[in-house]
Amino acid sequence: MNVNIHNSWKDKLLDEFDKPYFKNLVSFVKDEYKTHKCFPPGAQIFSAFDLCPFDQLKVVIIGQDPYHGDGQANGLCFSVADGITHPPSLINIFKEIETDLEIPYPASGNLERWAKQGILLLNATLTVRAHQAGSHQNKGWEEFTDKVIDLVSREKKDVIFLLWGGFAKKKAKLINHDKHTILTSGHPSPLSANRGYWFGNKHFSKTNEVLRLKKNVRINWE
């Protein structure tokens, strides 16, 4: 695994790459990709960082694991490659945007268009073995991505963090509540959404309202 990561992030995370846990993580990931089918493709492991440079970041969405089905994961949480059927959580995200902003449901589930507007679509674990959910958890990725959240909290201001579901909400302790906006809700998965914990959160219009008040360019969620 080559740590090909945008220079704006590389400069800030260089010390992290030298730590023993990260070197062990790199060895583990390299071995997994050699001996098993894993996702996302190696070149896309750090896509969340490459598509959203540090200086342009204004929103963070936190996911847990990459999708583990063939051809789905592209390095951005909740996102799938072009032409791939939308997974249930992504369907519910798009349905909420439809209702919240009255814009049509999109054909593509590829969220690169969001990342390029300054949204860090960060999974806590950046890789997974095919068809084995959670298979790369507790190998070092969480330590790295927690460091990323802490870095954003310390070095940026007025970032909007969207924390969906119990796992993401636990990351709130890494964020300075005085400097940033935190919006929480249930997870968009059917289990949570069908119990009434997702639909109606209006996180997309709320995000744009906060950006407007801070005189930042709003997100085109289409």
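Quick note: structure is the one above.
Residues numbered from 1 in each chain as written. Predicted model: local features only at pLDDT ≥ 70, side-chain atom pairs only at ≥ 80, totals over all residues. Heavy atoms only, no water.

Caption draft 1: Summary view of the overall build of the protein chain. Across its full length, the protein chain carries nine helices and six strands. The C-alpha radius of gyration computed for the protein chain amounts to 17 Å, which stays within 12% of the reference 17 Å derived for 222 residues, consistent with globular compactness. The C-alpha extent of the protein chain, read off along each of the three principal axes, is 45 × 35 × 25 Å. Within the protein chain, buried positions represent 51% of all 222 residues. Summarising the internal contacts of the protein chain: among those between residues at least 6 apart in sequence, 65% fall at separations of at least 24. Of the roughly 10,400 Å² that the protein chain leaves accessible, carbon and sulfur atoms contribute 49%. Charged side chains in the protein chain number 29 positive and 25 negative. The centres of these two groups are separated by 3 Å. (Helix = DSSP H or I, 4+ residues; strand = E, 2+ residues; numbered from the N terminus. Rg over C-alpha atoms; globule rule 2.2 N^0.38 Å. Buried < 20%, exposed > 50% of the residue type's maximum accessible area, 1.4 Å probe, protein only. Contact = heavy atoms within 4.5 Å. Areas by Shrake-Rupley, 256 points an atom, 1.4 Å probe, with all protein chains shown as cover. Lys, Arg positive; Asp, Glu negative; His and termini not counted. Charge placed at Lys NZ, Arg CZ, Asp CG, Glu CD.)

Caption draft 2: Broad picture of the layout of surface pockets. What the largest pocket holds in volume is close to 290 Å³. What lines the largest pocket is a set of 19 residues, and nearest its centre among them are Gln-64, Asp-65, Pro-66, Tyr-67 and Asn-123. Considering only residue class, the lining of the largest pocket consists of seven nonpolar, 11 polar and one charged. (1 Å grid on protein atoms, 1.4 Å probe; cavity = no way out; pocket = protein on both sides within 12 Å on 5 of 7 lines; lining within 4 Å. Points joined across faces, edges and corners; volume = space filled by probe spheres on them. Nonpolar A, V, L, I, M, F, W, Y, C, P; charged D, E, K, R; others polar.)

Caption draft 3: Region of interest: the environment of Tyr-21. Mapped onto the elements of the fold, Tyr-21 is located in helix H2 (residues 20-35). With relative accessibility at 13%, the residue Tyr-21 sits in the buried group. Sequence spacing of Tyr-21 and Glu-143 is 122 residues, and the spatial spacing of their C-alpha atoms is 8.4 Å. Setting aside residues up to four positions removed in sequence, Tyr-21 forms contacts with Glu-16, Gly-140, Glu-143 and Phe-144.

Caption draft 4: The packing of H2 against helix H6 (residues 141-155), seen in detail. Where H2 contacts H6, the two axes come as close as 9 Å, and the packing angle between them is 125°. When the interaxial angle is binned, H2 and H6 end up oblique. The chirality of how H2 crosses H6 is left-handed. Contact residues: Tyr-21, Phe-22, Leu-25 and Val-29 in H2; Trp-141, Glu-143 and Phe-144 in H6. Its residues assigned to classes, the contact of H2 with H6 shows six nonpolar, no polar and one charged. (Axes fitted to C-alpha atoms, helices over the stretch in contact; angles between N-to-C directions. Parallel < 35°, antiparallel > 145°, perpendicular 65-115°, else oblique. Left-handed = near helix turned anticlockwise from the far one by under 90°.)

Such coordinate-based values are descriptive only and should not be taken to indicate function.
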